[in-house]
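Descriptive structure summary
This is what each chain is made of:
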Amino acid sequence: MGSTEVQAMAAVQQAEKQAAAPWSVAAVEALMALPLPELMHRAQVVHRENFDPCEVEFATLLSVKTGGCPEDCSYCPQAARYDTGVSATKLMEPAEVLAAAEAAKAAGATRFCMGAAWRSPKDRDIEKVSELVRGVKALGMETCATLGMLEGGQAQALADAGLDYYNHNLDSAPEFYGQIIKTREYQDRLDTLGHVRTAGVKVCCGGIVGMGESRRQRAALIAQLANLSPYPESVPINHLVKVEGTPLADQADLDPLEFVRTIAVARITMPTARVRLSAGRRQMGEAVQAMCFMAGANSIFFGEKLLTTDNPETLDDVALLGKLGMYPRGKKPAH
Ligand code: SAM
Ligand code: DTB
Ligand code: SF4
């Protein structure tokens, strides 16, 4: 082992002597800098202590209200201000949404996540989404919604409708955030997450990697997530999908192993969370996805579309899991 690696190991051992949370950015960065075999081993140990390492959760996404968003998130094809070819739609009718949820369930999804391109929903939007939540829940699926910033009463209304999870991402490290989004603050996101927790809805919160951030900033994002008290039950790690027309369309590629390292530290710092290998799988290829599963990812978005961009074909996902000897949650083979 070289002297840099020895230093990295010493820094990790030092960090481990302290309580796991709060995680300092330095401790997470030291984990990230470990020799890859060492990092993967540690992530796998934590994964096996908490989950069946062969099982992957399937969550299906549906964009129930697409495009026309007033925000300026630099990565997002749904921001009205960028010319991305996404046209704005109204909120979908319940019958259409329930048909999509039934199809997702039949294909093997256990969680159904409804996304809306809102900065923050109006109370009458919450009433309509509550109806959708009740309908999807009646199908026996876990429900998730991502609707933008919420007030306390809105989070409570969704909880009363039976919402299981609310997705609201921190997206980046606090110190990088201002380069990506200017129309709302990091603190606004933390406030929404607080309202979701107070209402008793489980938190789905992660971020995007590959937006030009440094390794330290990736570590800082993970530290922020891990230090939420309690940390999120679901942690989506998205790889930037570069969409023509957005400011990040020509962003330089991130080394795929950096993405794998980010998944591994998410697993180590948030042992019982579902770490979701989220956007960007189509561009990643099978080998990188497989490494992400080995690093502790145990959930994917399943279905041919994310919100507006393409996801792998469902048959390809089933084939990949088969090749790896893995299986969807609740479908462990009998032998
Ligand atoms: N408007 C709501 C909000 O921002 O919270 C909900 C929908 S928004 C599209 C949900 C998340 O999708 C964002 O927080 C971001 O993490 C992710 N996302 C959007 N565009 C993306 C892209 N091009 N690549 C990767 N992730 C993306
Ligand atoms: C999350 O973290 N990733 C999903 C979900 N939560 C809502 C969204 C990914 C969107 C990718 C770009 C698109 O398809 O529009
Ligand atoms: Fe709007 Fe959400 Fe896209 Fe930001 S990420 S532009 S808030 S839809």
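Notes on the structure follow. Numbers given for residues are sequential positions, taken from 1 along each chain in its written order. Lettering for chains starts from A, numbering for ligands starts from 1, and both go in the order in which the items are written. Local features in this predicted model are restricted to residues whose pLDDT is 70 or higher, and side-chain atom pairs enter the listing and the counts only when it is 80 or higher, whereas totals over whole chains, interfaces and linings include all residues. Hydrogens and water are ignored here; the side-chain numbers use all heavy atoms of the structure.

Describing the overall build of the protein
What counts, and what does not: Secondary structure counts use DSSP, requiring at least four H or I residues in a row for a helix and at least two E residues in a row for a strand, with both numbered from the N terminus. Put simply, the radius of gyration uses C-alpha atoms, and a globule should come to 2.2 Å times the residue count raised to 0.38. Here's how the labels work: a residue is buried when its accessible area is under 20% of the maximum for its type, exposed when over 50%, partly exposed in between, all with a 1.4 Å probe on protein chains only. In what follows, a contact means two residues having at least one pair of non-hydrogen atoms within 4.5 Å. Residue exposure ignores everything except the shown protein chains as possible cover, and the areas themselves are Shrake-Rupley values with a 1.4 Å probe. Charge counting follows a simple rule: Lys and Arg are positive, Asp and Glu are negative, and His as well as the terminal groups are ignored. Every charge is mapped to an atom, namely NZ of Lys, CZ of Arg, CG of Asp or CD of Glu.
Per the secondary structure count, the protein includes 13 helices and 10 strands. Since a compact globule built from 335 residues should have a radius of gyration of about 20 Å, the 19 Å found for the protein is in line with a globular shape. Across its three principal axes, the protein shows a C-alpha extent of roughly 60 × 50 × 40 Å. Per-residue burial for the protein yields a buried fraction of 56% across its 335 residues. Within the protein, counting contacts between residues at least 6 apart in sequence, those at least 24 apart form 74% of the total. For the protein, the computed accessible surface area is about 14200 Å², with 53% contributed by carbon and sulfur atoms. Of the charged side chains in the protein, 34 are positive and 40 negative, and the gap between their average positions amounts to 2 Å.

Notes on the site of ligand 1
Note the threshold: Being near a molecule or strand, for a residue, comes down to having at least one heavy atom within 4 Å of it. Identification of polar contacts relies on pairs of N or O atoms within 3.5 Å, with a donor-acceptor requirement for protein atoms, meaning one able to donate a hydrogen and the other able to accept it, and with residues adjacent in sequence counted only if both atoms are side-chain atoms. When residues are grouped by polarity, Ala, Val, Leu, Ile, Met, Phe, Trp, Tyr, Cys and Pro land in nonpolar, Asp, Glu, Lys and Arg in charged, and all others, Gly among them, in polar.
Ligand 1 sits among 18 residues. The nearest are Y75, T146, N169, D171 and V241. In the environment of ligand 1, a nitrogen atom lies 3.0 Å from a nitrogen or oxygen atom belonging to the backbone of Y75. Between A116 and ligand 1, the recorded distance is 3.4 Å, taken from a backbone N or O atom to a nitrogen atom. A class-by-class count of the residues in the shell around ligand 1 yields 9 nonpolar, 7 polar and 2 charged.

Topic: the site of ligand 3
Taken together, the residues surrounding ligand 3 are C69, E71, C73, Y75, C76, A79, A117 and R184. Across the shell around ligand 3, the residue classes tally to 6 nonpolar, no polar and 2 charged.

Focus on the packing of helix 3 (residues 36–50) against helix 10 (residues 256–269)
Convention followed: Inter-axis angles, ranging from 0 to 180 degrees, are taken between N-to-C directions of lines fitted to C-alpha atoms, where helices are fitted over the stretch in contact. Each crossing gets its handedness from the near helix: less than a right angle anticlockwise from the far helix is left-handed, clockwise is right-handed.
Interhelical geometry of helix 3 versus helix 10 gives an angle of 35° and a closest axis separation of 9 Å. Helix-helix and strand crossings are classified by hand; for helix 3 and helix 10 the assignment is left-handed. For the pair helix 3 and helix 10, contact is made by L36, L39, M40, R42, A43, V46 and H47 and by L257, V260, R261, A264, V265, R267 and I268, respectively. Residue composition of the contact of helix 3 with helix 10, grouped by class: 10 nonpolar, 1 polar and 3 charged.

Observations regarding the pattern of salt bridges
How we decide: Any carboxyl oxygen of Asp or Glu that lies within 4 Å of a side-chain nitrogen of Lys or Arg is treated as forming a salt bridge with it.
According to the stated counting rule, one finds 20 salt bridges in the structure shown. Two residues, E213 and R218, come together in a salt bridge whose shortest N-O distance is 2.9 Å. Across the pair, exposure class does not vary: E213 and R218 are buried alike. D310 serves as the salt-bridge partner of K305, at 3.4 Å between the closest nitrogen and oxygen. K305 sits in the partly exposed class, given a relative accessible area of 44%. Each of E57, R111, E142, R276 and R329 takes part in salt bridges that share partners, so that together they form one network.

Focus: unusual backbone geometry
Negative phi characterises most residues that are not glycine, and trans characterises most peptide bonds. P230 follows S229 through a cis peptide bond whose omega is 0°. Within the secondary structure, P230 is located in the loop between helix 9 (215–227) and strand 7 (234–239). Residue D171 is not a glycine yet carries a positive backbone phi of 70°. In this fold, D171 is placed in the loop between strand 4 (165–167) and helix 7 (174–177).

A short note on a positive patch on the surface
Counted only if it meets this: Like charges within 9 Å and nonpolar side chains (Val, Leu, Ile, Met, Phe, Trp, Tyr) within 5 Å are joined into patches, using only residues over 30% in relative accessible area that form no salt bridge.
On the surface, K90, K122, R124 and K128 cluster together to form a positively charged patch. Tracing the backbone through its elements, the reader meets K90 in the loop between strand 1 (55–65) and helix 4 (94–107).

As for the packing of aromatic side chains
We count it as follows: Each Phe, Tyr or Trp ring, with Trp reduced to its six-membered ring, pairs with another whose centre is within 6.5 Å; inter-plane angles below 30 degrees give stacked pairs, above 60 give edge-to-face pairs, and intermediate values give tilted ones. By the criterion adopted, a ring carries a charge over it if an Arg CZ or a Lys NZ lies within 6 Å of its centre and within 35 degrees of its normal.
Applying the stated rule across the entire model yields 2 aromatic pairs. Taking the centre distance of 4.1 Å and the plane angle of 20° together, the rings of F58 and F302 count as stacked. You can see F58 sitting in strand 1 and its partner F302 sitting in the loop between strand 9 (299–301) and helix 13 (314–324), a full 244 residues away along the chain. On the basis of relative accessible area, F58 is assigned to the buried category, the value being 3%. Given the relative accessible area of 3%, F302 is considered buried. When the centroid spacing of 5.3 Å and the interplanar angle of 85° are considered together, the rings of Y177 and Y186 count as edge-to-face. For the pair formed by Y177 and Y186, the shared burial category is buried. Positioned above the aromatic ring of Y165, the side-chain terminus of R111 is 3.6 Å from the ring centre. Here the guanidinium or amino end of R276 rests over the ring plane of F301, the centre of that ring lying 5.0 Å away.

What to know about a negative patch on the surface
Negative charge collects at one region of the surface, where D123, E127, E151 and D191 lie side by side. With respect to the helices, strands and loops of the structure, D123 is situated in helix 5 (residues 123–138).

That is the geometry; function is a separate question.
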